Amino acid sequence: MPSATVSASSTAPRLQGLPPVADARTRLVVLGSFPGVASLQARQYYGHPRNQFWPILQRLWPQHPQPDRADYADRCEWLLARGLGLWDVYASCERQGSLDSAIRYPQVNDFAALRQRCPQLVAVAHNGGESAKHARALHGLGLQVHQLPSTSPANASWSMERKLQAWQQVMAAHGLLDKD
């Protein structure tokens, strides 16, 4: 269960995010804003069953079956084996519910430390608009920065196919898609 405290200035709980999924093989990190309630409860990135993140990735690598959602550690290894990492721009924040618009008093993660942890890191891809607000900080680290359409179920204005196409372009640009 996520750790939460309530600050004196707000009735929203202070929530702690998830650790990065990244290692020395990571070439591109997908940055979300902050995990939603379902993800925090599951202690998994993109844990909401209607989030399109995991289905999009399976369609990007159809020849490599993705581990079941119950096998989160194996899913993370599946990502890392393809040079992909996961993290969020916010380490903690106050928020009621799951919407980015409800985020208050966020603390930004240490991207310089991530850069050191991942020597092959060349790019980040922001999963949605809230995350992309921090693109300038990442440019300063010498990383290419991309904004992708959010995979959240709240982003209903983009079809699955349109999202897939945008994600495919970014992954291909950084050599993460198989050549066969």
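Here the structure is shown first, and the text comes after it.
Keep in mind that this is a model prediction, so the values were computed, not measured. (Residues numbered from 1 in each chain as written. Predicted model: local features only at pLDDT ≥ 70, side-chain atom pairs only at ≥ 80, totals over all residues. Heavy atoms only, no water.)

Okay, the overall build of the chain next. Scanning the chain for helices and strands turns up seven helices and eight strands. Relative to the globule expectation of 16 Å for 180 residues, the C-alpha radius of gyration of the chain, 16 Å, shows essentially globular dimensions. Classification of the 180 residues of the chain by burial places 50% in the buried group. Within the structure as shown, the chain displays about 8,800 Å² of accessible surface, and the carbon and sulfur contribution to it stands at 52%. Charge centroids of the chain, computed over 18 positive and 13 negative side chains, lie 6 Å from each other. (Helix = DSSP H or I, 4+ residues; strand = E, 2+ residues; numbered from the N terminus. Rg over C-alpha atoms; globule rule 2.2 N^0.38 Å. Buried < 20%, exposed > 50% of the residue type's maximum accessible area, 1.4 Å probe, protein only. Areas by Shrake-Rupley, 256 points an atom, 1.4 Å probe, with all protein chains shown as cover. Lys, Arg positive; Asp, Glu negative; His and termini not counted. Charge placed at Lys NZ, Arg CZ, Asp CG, Glu CD.)

Here we come to helix 7 (residues 160-173). Across its 14 residues, helix 7 extends 20 Å between first and last C-alpha, which sits within 8% of the 20 Å expected from 1.5 Å per residue. Residues of helix 7 that are buried include every one of Lys163, Leu164, Ala166, Trp167, Val170 and Met171, and no others. Along helix 7, the residues classed as buried sweep out an arc of 165° about the axis, all on the same side. Away from the buried face of helix 7 by more than 90 degrees, exposed residues Gln165, Gln169 and Ala173 are located. For helix 7, the secondary structure elements touched by its buried residues are strand 3 (28-32), helix 2 (53-60), strand 4 (84-88), strand 7 (123-127) and strand 8 (144-148). (Expected span 1.5 Å × (residues − 1). Arc of directions from axis to C-beta. Contact = heavy atoms within 4.5 Å.)

This part covers the environment of Ala12. As for its placement among the helices and strands, Ala12 is situated in the loop between strand 1 (4-6) and strand 2 (13-16). For the pair formed by Ala12 and Cys93, sequence separation is 81 residues and the distance between their alpha carbons is 9.2 Å.

Moving on to the environment of Val21. In this structure, Val21 sits in the loop between strand 2 and strand 3. Apart from the residues within four sequence positions on either side, Val21 is in contact with Tyr45, Tyr72, Cys76, Leu80, Gly85 and Leu86.

The next thing to look at is the pattern of salt bridges. Under the criterion given, the structure shown has four salt bridges. Salt-bridge contacts for Asp23 lead to Arg25; the nearest nitrogen and oxygen are separated by 2.6 Å. On the accessibility criterion, Asp23 (19% relative accessible area) is buried. Looking at Arg25, the relative accessible area reads 32%, which means it is partly exposed. Notably, a salt bridge pairs Arg25 with Glu77, separated by 2.9 Å at the nearest N-O pair. Taken together, the residues Arg25 in the loop between strand 2 and strand 3 and Glu77 in helix 3 (residues 72-81) connect sequence positions 52 residues apart. If you follow the salt bridges from partner to partner, you end up with Asp23, Arg25 and Glu77 in one network. (Salt bridge = Lys/Arg side-chain N within 4 Å of Asp/Glu carboxyl O.)

A word on the state of the cysteines. Taken as a whole and judged by the stated rule, the model has zero disulfides. Just so you know, Cys76 is unpaired, no disulfide at all, and the nearest cysteine sulfur is the one on Cys118, 13 Å from it. (Disulfide = S-S within 2.5 Å.)

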